[in-house]
Structures are given as C-alpha cells and as structure tokens.
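Notes for the structure review
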Amino acid sequence: MSRDYERLLEVIKSPERLSVLSETEWDDVLVAARQARLSGRVVAEVARQGIEDRAPAWLRDRLSGTRAFAGECERSVRWEINRISRAFLTLPHRWVLLKGAAYVAADLPPARGRLVADVDVLVPHEGLKDAESALTEHGWAFVAIEDYDDRYYREWMHELPPMAHSRRGAVIDLHHAILPRTSRITPDTRILLERAVRAGDAFVLCPTHMVLHAAVHLFHDGEIAGALRDLVDLDALLRHFGQDPAFWTTLAKDARELGVGRPLYYSLRYTHRVLGTPIPGSMDAAMKEWAPPAPVRALMDVLVGNTLGRGEGASARFSAIALYVRSHWLRMPPLMLMRHLTRKFVMRKGA
Amino acid sequence: MIVRDLSAAQLRTALTGDGLRMQIGPFVVRLRSTFSSVRDYIASHYAFFPVVESPGLHFTAEVRRTGFWRTLVRPQATFGADSRFPFTPLPARLAPGLLEWGLNWCVGRLPHPWLLLHSAVIERGGRAALLPAPPGSGKSTLCAALAFSGWRLLSDEFAIVDPQSGDVVPIPRPIALKRQSIDVMRVRVPDINLGPALEDNEGNPARYVAPPSSAVERLHERARPAWVVVPKWQAGSATILEPDSRARTLFHLADSSFNLNTHGKAGFTLLADLVDEASCYKLTYSNLDEALAVFDRLARGEVIHPEGANAS
C-alpha cells in the first residue's frame, strides 16, 4: 500500500483545508500523519479550528484518542524535565534542553501535539561524567546495547548511548555536542551553552542556535527519511522567531560563527519550497554564499523532494538510502564509515 | 450485512483488494490478507460480525507475505497496522494467530479515546464482571466456560471502558486457549469451534474459540461494571471467593491498564468510579464447575460484600 504525503502536505500548508476533507481523505491524512509522526499536529489544528464536533463518530474517536496521547506525552516531558532538574541540582556545569523537550519547556509552537516523550540534554564535554553519574544515582541506567554500539557512541558520537529511567522507562539522550566528534563540522558547544536562555526551571538554546541545531540535525546529521516532522518543526520555529527582523541578521551571523551555513541553506531552501516558509530577501546574499555547486543542489532537490513528499515507494526508498549514506559520509571519515557500515551490515545479517 | 452473508468469492475479493471493513467492538477495522488460512479463519470465527459499508475506519490491519523469495522457501507472514509492521515475521502456518495477536496490538497500543484494561469481561442481566488477571491464571478458560454457560461474552482480552458513561463496550473476539484448556473446553462444549492448531511464542499449543453468535449479535449492547473478580487457578485448591478492598482492586486494575497514563486525571477518576460501583473479589479455584457456581451466586445477588454495594 503505497501512499504519498501530498494531501498531508496540503493540509499542513493550508490548515483550513481540514474542514472540507471527505471521510476517505481524512483516513489518508491520518495514516500519512501517523507515518510522518505528525498526527498530534493535525489533531492540535483540528482543536484550534473547533471542527471536531462536526466530525463523524469514527473520526472523533481517532482524533480524541490521539489528542489524549499527545497530552500524555506533554505531561510526561514536563515531569521528566522536573526530575532531571532535580537530579542535576548540584551539577557544576550548565545543562541545556534540546529539541522536543526544549520546545515544550519554552512553550514554542512545535511543542503542539508532539507525540514523543524522550528528552535530549546538552552538557559540556568535561561535564559528561558528572551528568552521567547524577543520572545513574537518580535511577537512570543505560539501555542494554552491544559493546560495539557502546564504543561507537562513546568514541565517535556526540551523545552517550540512551539512558532510561528504571521505573518510568523515560529515555534521556545526553549530548556533549550537536554533531559527532568525527563530523566534517564541529560547532563549538561552549558557545551554545554560554548563550542559552532560561525556560522555566531549565535552559534552552537561544532562538538562532535552536534553529541552527534543528538545521544541522536535519540536513547534516539526520537521515532525512521520515523527516517531514523535523521540517515542519523548522518551519514553525522560523515563522515564530522570524517575526523579529533582527532574528535573521543574528541567524546569518551565528551560522557563520558555528560553521553551519550549508545546513542552514538547505533548511531555508526546503522549508520554503515544501512548506512555503517566508524567508526575507535580506538572506539572499548569505544564501548564495552557502549554496552548494549546482549539480549537488539539483541532486539534493530530487532526493529531498522524493523523501519528504512520499511516505513509501521505490523512489522514496532509494532516496532515503542515498540520504542515509550521505548523512554518514558527513559524519565520519571514509575509512571509518566503511568499517562502520560493514560492521552494521554483518550485525544485522547475524541477528 | 454480516461476514457470513458474503460469498467465498466476495470475501476473497474484499480481503485481497481494498479490504474487508468490519465492526469489531467499537472499532471499524479494515482487514486485508492474501492468506487463504486467514480468509477461512475470518469466515469461521468472525462469521457474525457486521460488515461496514459507510465510510470511515479506526485502523487497517493486514496479514501479508514477506518478500517474493519467502513465498518459495520457508514462507512467512507479517502483520501490518496502518502500513507499519511492528512485529518480527512468523512462519506462514501461524498467519491466523498473527491476525489475532496483531489485532490485540492495535487495540492495546494505538491511541483510542477509551480506557483499556487487560481483562476478560462477561455479562448477565446488563451487569458485567471484569476478570483481570495475568496470563497463566486461567482467565481465558474461565471466560470461555462462562461464555458457554449462560453469560454473554464481552471480551476475552480487553475491558474497554467508555470515558463518558463508564459502561463496558463489548468486543467479543475469539477466545485464546492454551495447552490443557483446549481439551477441557472440547469436553465441556462438544460442538465448540476451535479453529486451526496454532502455537504461542513459547511453542505451546494454542487455539482460538469462535465466540458464541449470540454474543456477537449483541455487539452494540454495553454493560455496567458490577463485579471485579481476580481469578486464580491453582491445582488442588478448594473454591474460595474472598472479598477484596476497592483500594487494592483499583491498584490492580491500574496495573493492568494499557493506557491509564494517556487519560491522566480523567482516566484515574473513571477507574475509581468503576471500582466504586463494583463489588471486588479474589477467586481461587481448581474445579471449573464450582467456579461457575460462584458466578451464578454473584449474579443472583446471594453474595454480600462486606464493603457494601455502592451501586443502586
């Protein structure tokens, strides 16, 4: 059953379309939304427009079930932040919430209807040991993984293997950087921590860094496959922060400082192309500076278009694989990459 | 229209094509499968379930083959829920079982507005008895015995509680029996429809009992929760019905819930109200007939709970 995200994209771009969907179209949208991890977002939009009462019973069931689940995720993220604050009370270093947990803590638009309860935290590299032992003392433990994976995380990656709380099961990812140590670009974590801003009991990245992190996560580190959700988050952040003209100037400046112009270029290009995110003309010069050579850009257009636009199907799968390899290419030197992928392949066959 | 009204060809076309849309409890489910064993199983065990013709559905469930080569060598079956495949594929001979296990996953794991408890439920006179118990406690055997001796089967696996009314919503799917229970039921109900021989994930023999048609015909009749009875089969034990406190039962039910957290405070209140309205017991037994007699006494109001009945 191959489905594409076309109709889902339509209603994300023009939410008012939700009120005129037929029952069959609703099913398509909800299934695509679930695959794209965007069903919470759709439900939040339905609630905002107040159209649930007019929906047939089966649809109300699905909408209210998903809304309850999104509510549970938000409650548990807030509770996890509370518990982590308590565990980190005596930590000598600053710690900063990343991604979903940060959006929830700072009440930002992408927090609406998120269906994940994992928490990502950034600490300085030298503070990793303290943070790890504070979590261990308070009931978190590493999720059982193979020795190879553990070494992969600790030696090459920018985060520790995931830790789960022994009673609540909630997962925390402890990062010491926003990109792997082996990556082509390694933005300085100290700058990110220094400029972090308060959100309730915790700290989150400042607006420009938050956008840049989302950009590198999506276009440098992540696999892009199924990343429509991340693109929608980026769109929401850009629309929210972008109302302040000063934001864009700082964004360009900070992208240069951290050396992440290329991923930002892709982010602005594809949020604009796929979701119509308004990008001011003042960014044109910077965009030219960061653009890849034309053939690379053309290839990325095709790959990203296929991966984001379609949930399944052969071309989407091929593009997803190509982008997976690309993300690893950027993540580690070629020889290391070959060793890693061979190892992963052998392990999977053996499983 | 019910599944039995479809010709073999119609059923096949629906299952291999756009899907057979069926009312299973409160869910409209679209079923698809290319396996003839699954088709036969649906024809036999879901014969009296309504076929839905109006648009709309809660989820799509499918049992399909994995890859082309696997159709030739050691064929496998895999379960899909809304185009996701959450399980490791199983040998093709277990395809009908995979349908049931997959449906359990869909009911228990997908987001729904109902409160879901892991419990068998049976009803008499509009009043429901919940039998929450872990696997191995004899819950399904007791439930099957009750379902064929005067009680209406609401569910073997899930108590589905409506958050508005607090009623239990029927989902009278086939009952899972394992090991010795299969023969026990074969002796008790000679014309029982046991379905194909399957095995559970530990390799024990497992079979699914087709639900009594009378239970499926009353699919839309909800019931008030009146009793919570935690059963425990223990070899050689006398039949002991012990009153249990509402407080302890509340915790027991909370533990057995699939999605209490999802419903937050409202879910907790709903569960507390359910326990408040019910009389709560623990039942230890080894003799099935004596256990059934206990339920008859409960239904006739011959057992007085020391905490009194809050329900009027």
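Residues numbered from 1 in each chain as written. Chains lettered and ligands numbered in written order. Predicted model: local features only at pLDDT ≥ 70, side-chain atom pairs only at ≥ 80, totals over all residues.

Turning to the overall build of chain A, a few remarks are in order. A tally of helices and strands in chain A yields 16 helices and seven strands. When burial is assessed residue by residue, chain A has 43% of its 351 residues classed as buried. (Helix = DSSP H or I, 4+ residues; strand = E, 2+ residues; numbered from the N terminus. Buried ≥ 20, exposed ≤ 12 C-beta atoms within 10 Å, placed from the backbone.)

The secondary structure content of chain B amounts to nine helices and 17 strands. Taking 2.2 N^0.38 as the reference for a compact globule, 312 residues should give roughly 20 Å; the C-alpha atoms of chain B span a radius of gyration of 20 Å, in line with that estimate. Each principal axis of the C-alpha distribution contributes one length, and for chain B these read about 65 × 40 × 35 Å. By residue count, 45% of the 312 residues in chain B fall in the buried class. When contacts within chain B are restricted to residue pairs at least 6 apart in sequence, long-range pairs at least 24 apart make up 71% of them. (Rg over C-alpha atoms; globule rule 2.2 N^0.38 Å. Contact = placed C-beta atoms within 7 Å.)

Right, let's get into the interface of chain B and chain A. Note on interface size: it is often stated as the accessible area lost on association of the parts. On the chain A side, the residues contacting the 14 residues of chain B number 21 residues. Each residue belonging to the side of chain B that touches chain A can be placed in one class, and the counts come to five nonpolar, eight polar and one charged. (Nonpolar A, V, L, I, M, F, W, Y, C, P; charged D, E, K, R; others polar.)

Ranked by internal contacts, the top residues of the largest apolar core, which has 186 residues, are A:Leu97, A:Val121 and A:Val204. Ranked by the residues each element gives to this core, the list is headed by helix α4 (residues 57-87) of chain A, at ten residues. Taken together, domain 1 (3-109) and domain 2 (115-299) of chain B each give at least three residues to this core, which thus spans both. Leaving out residues up to four positions away in the same chain, A:Leu97 has contacts with A:Ile81, A:Ala102, A:Ala105, A:Val119, A:Val121, A:Ala202, A:Phe203 and A:Val204. (Core = buried A, V, L, I, M, F, W, Y, C linked by C-beta atoms within 7 Å. Domains from an automatic or database assignment.)

So, on to the packing of helix α10 (residues 228-241) of chain A against helix α12 (residues 261-275) of chain A. All names here are of chain A. Taken N-terminus to C-terminus, the directions of α10 and α12 make an angle of 95°; their axes are 10 Å apart at the nearest point. Compared by their axis directions, α10 and α12 come out roughly perpendicular. Along its contact with α10, which presents Leu231, Val232, Leu234, Asp235 and Leu238, the element α12 presents Ser267, Tyr270, Thr271, Val274 and Leu275. Of the residues belonging to the contact of α10 with α12, the class tally is seven nonpolar, two polar and one charged. (Axes fitted to C-alpha atoms, helices over the stretch in contact; angles between N-to-C directions. Parallel < 35°, antiparallel > 145°, perpendicular 65-115°, else oblique.)

Residue and element names in this part refer to chain A. Taken together, the seven strands give an open sheet; going across it, the order is β3-β4-β5-β2-β1-β7-β6, and neighbouring strands pair in mixed fashion. With one partner strand each, in any of the chains shown, β3 (140-142) and β6 (197-199) form the two edges of the open sheet. Neighbouring strand axes in the sheet, compared pairwise and without regard to direction, differ in orientation by 40° on average. The sheet strands contacting α4 are β1 (96-98), β2 (119-122), β5 (171-175) and β7 (202-204), and the helix crosses β2 at an angle near 35°. Running over the sheet, helix α6 (residues 128-137) touches β3, β4 (163-165) and β5 and is turned about 165° from β5. (Pairing = 2+ DSSP bridges.)

Turning to the domain arrangement of chain B, a few remarks are in order. All names here are of chain B. By the assigned domains, chain B splits into domain 1 (3-109) and domain 2 (115-299). Each of domain 1 and domain 2 has a C-alpha centre, and the two are 25 Å apart. Counting from both sides, the interface comprises 19 residues of domain 1 and, opposite them, 22 residues of domain 2. Going through the elements one at a time, β1 (20-24), α2 (36-45) and α3 (95-109) are the ones with two or more residues in the side of domain 1 that touches domain 2. Looking at the side of domain 1 that touches domain 2 element by element, the count peaks at seven residues for α3. Tallied by class, residues from the side of domain 1 that touches domain 2 come to ten nonpolar, eight polar and one charged.

So, on to the sheet that holds strand β16 (residues 240-243) of chain B. Residues and elements named next belong to chain B. Read from one edge of the open sheet, six strands run β9-β7-β8-β15-β17-β16, paired in mixed fashion. Among the strands making up the open sheet, the edge pair consists of β9 (152-155) and β16. Each strand of the sheet is rotated relative to its neighbour by a mean of 30°, with strand direction disregarded. With five bridges joining them, strand β7 (residues 120-124) and strand β8 (residues 127-131) adopt antiparallel strand pairing. What sits directly across from Arg124, in β8, is Arg127. Of the strands in this sheet, β7, β8, β9 and β15 (224-233) touch helix α4 (residues 139-147), which is tilted by about 20° from β7.

Structurally, the position occupied by B:Lys265 is in helix α8 (residues 264-277). For the pair B:Lys265 and B:Ala293, spaced 28 residues apart in sequence, the C-alpha to C-alpha distance is 38 Å.

On average, residues of chain B carry a pLDDT of 93, and 98% of them reach 70 or more. Complex prediction metrics read pTM 0.83 and ipTM 0.84. (pLDDT = per-residue confidence, 0-100.)

Next up on the list: unusual backbone geometry. Leaving glycine aside, a negative phi is the common case for residues, and trans is the common case for peptide bonds. Residues and elements named next belong to chain A. Not every positive phi belongs to a glycine, and Lys99 is a case in point at roughly 50°. Of note, Lys99 is situated in helix α5 (residues 99-105). By the C-beta count within 10 Å, which is 25 here, Lys99 ends up buried. Despite not being glycine, Asp107 has its phi angle at roughly 50°, a positive value. With respect to the helices and strands, Asp107 occurs in the loop between α5 and β2.

This part takes up helix α1 (residues 6-13) of chain A. All names here are of chain A. Listed as buried for α1 are Leu8, Val11 and Ile12. Projected down its long axis, α1 carries its buried residues within an arc of 105°, all on one side. When the buried face of α1 is taken as reference, the exposed residues oriented beyond 90 degrees from it are Glu6 and Lys13. If you follow the buried residues of α1, they end up packed against α2 (23-35), α10 and α12. (Arc of directions from axis to C-beta.)

All names here are of chain B. Among the ten residues of β15, eight are classified as buried, and the element is accordingly described as predominantly covered. Pairing between β8 and β15: four bridges, direction parallel. By the bridge assignment, Arg127 is partnered in β15 with Arg224. Strand direction decides the pairing type here: β15 and strand β17 (residues 279-285), joined by seven bridges, are parallel. Its bridge partner lying in β17, Val230 is registered against Lys282.

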